[in-house]
Every structure is written in C-alpha cells, then in structure tokens.
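A look at the structure
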Amino acid sequence: MPILEIKNVTKIFHRGKNKGVEALKDVTFNVEEKSFLSIVGPSGCGKSTLLRLIAGIDHPSSGEILFEGKPVTGPNPKISMIFQTFALFPWKTVEENIEIGLEALNVPKETRLETVKNEIQLVGLDGFEKAYPRELSGGMRQRVGIARALAIEPKIMLMDEPFSSLDAITAETLRRELLRIWRDRTKQPETFLMVTHNVNEAVFMADRVLVMSARPGTIVGDVRVNVPRPREKHLRHTEFYDACDKIVEIIHKYSPTHPTH
Amino acid sequence: MNTNETEKRSWLTRIKKAIVERGRTFRKHLHAPHISLHLRLRGVRITLPRWGYVIALLFFISLIVFVTVIAIPFKVIPTLAYIIQRMAAYPYVPSYALRSVIRLTISYFLSLGLALALGLLATEHKKLGKILIPFFDIMQSVPALAFFPIIFIIAIHIFGFYPSSINSTTAYTGPGVEIASTLLLMTGMLWYQLFNIIGSILAIPHDIHEVSRLFNLRGWKRFRHVIFPAIFPGIVTGGIQSWGGGWNASIVSEYVTYSNNIYWVQGLGFFLSYAAWMLGDTTLVILDIITMSAIILFLNRVVWHRLFETMEKYSFG
C-alpha cells in the first residue's frame, strides 16, 4: 500500500478580483513506502505548491491527498519538511531551532535535549550548539534545517529544492550525507519526497523521478532509476545517463516553444 | 510569482509596504546616523554625506550664533545667580519630574498592550486587517488634540475632580484629571508603537510563517516563538519614538484648558505650560526643558540603548 496518494489535485490561486491562476492541474501519483521520489520541472510549475499541499500548510482547490490512507487536512507531525531558504529562526540558537518542532509537540524537556543532541551529532554540527544562524555558512544552516526536520521523526520527509541555494561543492556533500542518513537510519523517516529543477540531482538521489510540465503543473513523465546504491559508487552507471536523457527529453517536449516569462 | 504585479497596485498593499519601510528606515538611521542621505530632485541624485553629523554641526553653529548675536546682547539668557534663585523658588520640580516619568511609564505600557492587541488583530486576522490597517492609517493622521475633548470629559466626570487653584487662578485637579491625562498621553504614544508592531509582523518572511504552520505552532506558542521575537525590534524602536511623542504630549495633557476652566496635574509638562503661559518666565522654561532632556538622555542610555544593542539577533536576513 502506498504511504501517500495524490488524487486529481488541482490548486488555483485567487488574487484580488482576478480569475485566478491555476498552479496545479489534475495531479495524480502515489508514493511507495521506503522509497525516494523526486519531482522535477521548470520553475513556476507548481512543484513547491504541491509539497505545501502534502505538508498540510495549504489546501488543494479540488482533489484529495491521502497519507496512510487518511486525508491530509492540516499539518501532521509525521510529515516534515526541509526548505530551500532554510527558514531558521534568527533569534534562536542551533539547538533551539532544532528543538522547535518537538516543543510544538509538547515533548518533555529531557527527551527534547536528548533528541537534539543526537541530531546535532548526526548532521555534524558538534560545537555549534549555541551559535546563531547568522554566524553559520549556508551549508551549515541547511544542516540545521535537516536536523530540525529529522528531530520530530517524521515518516515522510519533504524537501523543497534543499540544495539550490548552496554552492555546488557544499550541495554535493550534503546530498551524499542525506543519502547516508537515509541509509543508516533505523528510525524514521523512510520515505523521501524531493522537489528540484536539477535533473542530475533528482536522478542521483531518487528511485523514481516524476516530471512536471510548466503552469498549470501536471505530471507528464514517470522515470524509474535503476542505479544500485550507494549511488556515489555508481556515478558512471549507464542507467544514470539514460534516466537523465529521458527526463530532459520529456521536459523539452512539454515546455512551450516561446518562453512565457 | 507573477501574480504579485496585480497585488502591488492595491491600496492596502501600498499602505502595508509603507509601514514596513517606515520602520526599517528609522531603525537604519538609529543604527548609523552618519550614513549618507540620498535625495532625488527632478531625477538628479544628490548625496549628502554623513548627514547626521552635518545636522548636528549646523545645530551647534546656530546655537553659538544665537547666544552671541541675540541672547547675550538682549539679555535673554539669565545670570547663574538668578537661575539658582528661581530654582530655589520651585523646589518641587524633581517630584514633578518623577510624576511625569511614572505617568509616561503607565501610559507607555498601556499603549504597548493596546498596540499589541490591535496589531495582532490587524495582521493575524486577514479580513479584519483589510479594514483595520487603512483605518489606523487615517486615525494616526488625525491630530491627537482632536481626541482630547471627548476623552477628557468622559474621564473627569467618571473619576471626579476638585478645585485646586494655581497662583490664585481657579483650576481643577483630582483622580479624574490624572486618568484623563494618562489617557491623553496614550494618544501621543500609541501610533508609533502600533505602526512599528504592524510593520514588523508584515515583514516576517514567508518561509518563517510556513515553518510555524508546518510545526503547528499556534496561540501562545506561536506568539512566544515567532511573533514576539519578530516584533521585538519594532517594540524597541516604537518605544523610543513613542517616548518622544509622549514627552511632547505631556505638555498639553498635563495642563488642559477646557471651556475656560484649567485642569492640571503635577508634572514637568504642566510646569512647562505654567511657566510659559501663566508666568512668562523663560528661565523656568529653560530649566524645565533641561530637566526633561536629562531624563530623556538618562532613559536612552539606561533602557533603550541596551535594548537596541540586543536587537541585531532578532533581524531577518
């Protein structure tokens, strides 16, 4: 049984008296448990909106999202998210930022501190517990973002272009570390859902890549990536290149000849 | 998203943007009064370097000119002996100062509370905000004095007053006048705080709102972890501005003339009006202003400056 079912989801944004902008149209797909799914598409195709709908911080205009068979109606502690812009609280230290999700769940202070300590170790932030986000580099800030998302032990981890505001080398390091975390972890999360516009990144990380068209966003392609893991050891696998080519071809097929913006 | 273009044209969005911008500019200038001021005249960009210092320099030059050309030859500035003599004649100025500070403090916290409540109402409640934000913007442009008669009559009649003449002129004071005076001060203090608070809430980045929704931070937790830290800089800058407005308002709210009756409460604001309007004594006016300035400087050093230094931690980006 799939852990997440997206059924005919449409999202229309209404602004003022205008007719409204259709961001997503009739999106349908399933996410299997213990899998890594990537969604790629041109910018503005509504892929970030889709993640927000799944996270329960926004609602679809029509259609349904089922998590473990039950409809998503609001935020769920079993669904966590990593943001492109890190979205850390500037007035909280690394520790306090990681703690915030647990605090919202009324986890007792002792358990909270224990979890935070483990997460800090896991993402390699030892020694920076008392630092403020402004004192950290982009890569380290995103480590805090990852630790904060992991701390509540979600079943699904949503990632909204988690590496696109980092430099190439830092992004590469974090990608590998995230895969390591996914591999080593006996605890949650076991399912990852990542949105990106970087085709190579999508293929490198995922078991399956969905391709979205430009606005209104719909699923136009579904590509399996049969590269063995750990991926960093099979970077020259032909399957890797085949998947990339297939995805790029689909993107170009569905992108308008004349740029709309 | 491209849909922002339509949003930019709306009146509400423009007001909101102006509010956010106002707070930012003020804060920037408090941080660095020496930064360059850019003016744009008919499309030509003029840069006044270190304008904070330039203004200060101009002020001191004009002060020196005033003292040497006007004040000394025309005997506007009194001798030291005369100042001491006048000070001795009014030994209750320190107690007036204390009363004014207490009154302003009470008024400050009352208007802070009100500003927090109104600010949260206008920003957390989207539909209400559409009415409230433009309404506040109009209200703040109504001169504070326009509210005086209504607030004043209601307060003195509910809480009472009794005759207490000043220099054998019939005048009134009492608990009603005290409360009226505090409420009148609020009209001078509220708006700065309200607009700084609204500005800071509107300036919270979108992703911070998303995180707080993702982790389901609501009610008190949302206020404690998200809203309050985000508006803390606004509370500090609003506080600095509102105390300035408060001292200003104290001059008219501690000494009120209404339908040929004088109502007064003890305070520096009253003393200033009294020295100027009833006695016409420049020495006492200057003494009062010096006392007021000393208190303002003291409070700035002890309270606001310290709070201002902790503010960096709370700013985004």
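Residues numbered from 1 in each chain as written. Chains lettered and ligands numbered in written order. Predicted model: local features only at pLDDT ≥ 70, side-chain atom pairs only at ≥ 80, totals over all residues. Heavy atoms only, no water.

**Here's the deal with the overall build of chain B**
Each helix and strand counted, chain B has 12 helices and 6 strands in total. Taking the intrachain contacts of chain B between residues at least 6 apart in sequence as the baseline, contacts between residues at least 24 apart amount to 69%. About 17,800 Å² of surface is accessible on chain B, with carbon and sulfur atoms providing 68% of the total. (Helix = DSSP H or I, 4+ residues; strand = E, 2+ residues; numbered from the N terminus. Contact = heavy atoms within 4.5 Å. Areas by Shrake-Rupley, 256 points an atom, 1.4 Å probe, with all protein chains shown as cover.)

**What about the nonpolar core?**
A general trend in soluble globular proteins is that nonpolar side chains are found buried together. Of all hydrophobic cores here, the largest spans 149 residues; its most connected members are Leu4(A), Phe29(A), Phe36(A), Leu158(A), Val203(A) and Ile247(A). Among the elements that make up this core, the one with the highest residue count is helix α10 (residues 219-253) of chain B (12 residues). Ignoring sequence-local partners within four residues, the contact set of Leu158(A) consists of Leu51(A), Ile54(A), Ala55(A), Ile79(A), Ser80(A), Met81(A), Ile82(A) and Leu193(A). In terms of nonpolar packing, the next biggest core, distinct from the first, is built from 11 residues, Phe152(B), Tyr172(B), Val256(B) and Tyr263(B) among them. (Core = buried A, V, L, I, M, F, W, Y, C linked by side-chain atoms within 4.5 Å. Buried < 20%, exposed > 50% of the residue type's maximum accessible area, 1.4 Å probe, protein only.)

**Some words on the interface of chain A and chain B**
Counting residues at the interface gives 30 residues for chain A and 27 residues for chain B. Regarding the contact of chain A and chain B, the summed buried area is about 2,700 Å², with carbon and sulfur atoms giving 61% of it. For the pair chain A and chain B, the number of links is 2 salt bridges. Salt-bridge contacts for Glu103(A) lead to Arg224(B); the nearest nitrogen and oxygen are separated by 3.6 Å. Joining chain A to chain B, the criterion identifies 10 residue pairs in polar contact (both at pLDDT 80 or more). (Buried area = accessible area lost by both parts, 1.4 Å probe. Salt bridge = Lys/Arg side-chain N within 4 Å of Asp/Glu carboxyl O. Polar contact = N/O pair within 3.5 Å; in protein donor to acceptor, adjacent residues only side chain to side chain.)

**Some remarks on the sheet that holds strand β6 (residues 79-82) of chain A**
Residues and elements named next belong to chain A. Strand order in this open sheet of 6 strands is β6-β7-β8-β3-β9-β10, and the pairing throughout is mixed. Two strands close off the open sheet at either side, each with one partner strand: β6 and β10 (219-224). Neighbour-to-neighbour, the strand axes of this sheet turn through a mean angle of 20°, independent of strand direction. In this structure, β6 lies alongside strand β7 (residues 156-160), joined through 4 bridges in parallel fashion. Bridging from a neighbouring strand, isoleucine 79 pairs with isoleucine 156 of β7. The strands touched by helix α4 (residues 138-151) are β6 and β7; relative to β6, the strand with the most contacts, the crossing angle is about 180°. (Pairing = 2+ DSSP bridges. Axes fitted to C-alpha atoms, helices over the stretch in contact; angles between N-to-C directions.)

**Describing the packing of helix α8 (residues 175-202) of chain B against α10(B)**
All names here are of chain B. In contact at an axis separation of 7 Å, α8 and α10 are set at 155° when each is read in the N-to-C sense. Looking at the two axes, α8 sits roughly antiparallel to α10. Here α8 and α10 pass one another in a crossing that is right-handed. (Parallel < 35°, antiparallel > 145°, perpendicular 65-115°, else oblique. Left-handed = near helix turned anticlockwise from the far one by under 90°.)

**Here's the deal with the pairing of strand β3 (residues 36-40) of chain A**
Residue and element names in this part refer to chain A. For β3, the buried fraction is high: 5 of the 5 residues fall into the buried class. A two-sided burial pattern is seen for β3, the buried positions comprising Phe36, Ser38 and Val40 on one face and Leu37 and Ile39 on the other. Summarising the sheet, β3 and strand β8 (residues 191-196) pair through 5 bridges and their orientation is parallel. Considered in β8, the bridge of serine 38 is made with methionine 194. Pairing between β3 and strand β9 (residues 208-212): 4 bridges, direction parallel. The partner of valine 40 across the bridge, within β9, is valine 211.

**Brief notes about the packing of α10(B) against helix α12 (residues 282-309) of chain B**
For any two helices packed against each other, the geometry is given by the interaxial angle and the distance between the axes. Residues and elements named next belong to chain B. Relative to each other, α10 and α12 sit at 170°, their axes nearing to 11 Å. Of the possible angle classes, the one that applies to α10 and α12 is roughly antiparallel. Counting all contacts with α10, which are made through Phe232, Val236, Thr237, Gly239, Ile240, Trp243, Trp247, Ser250 and Ile251, the residues of α12 involved are Met292, Ile295, Ile296, Leu299, Trp304, Leu307 and Phe308. Among the residues making up the contact of α10 with α12, the classes are represented as 13 nonpolar, 3 polar and no charged. (Nonpolar A, V, L, I, M, F, W, Y, C, P; charged D, E, K, R; others polar.)

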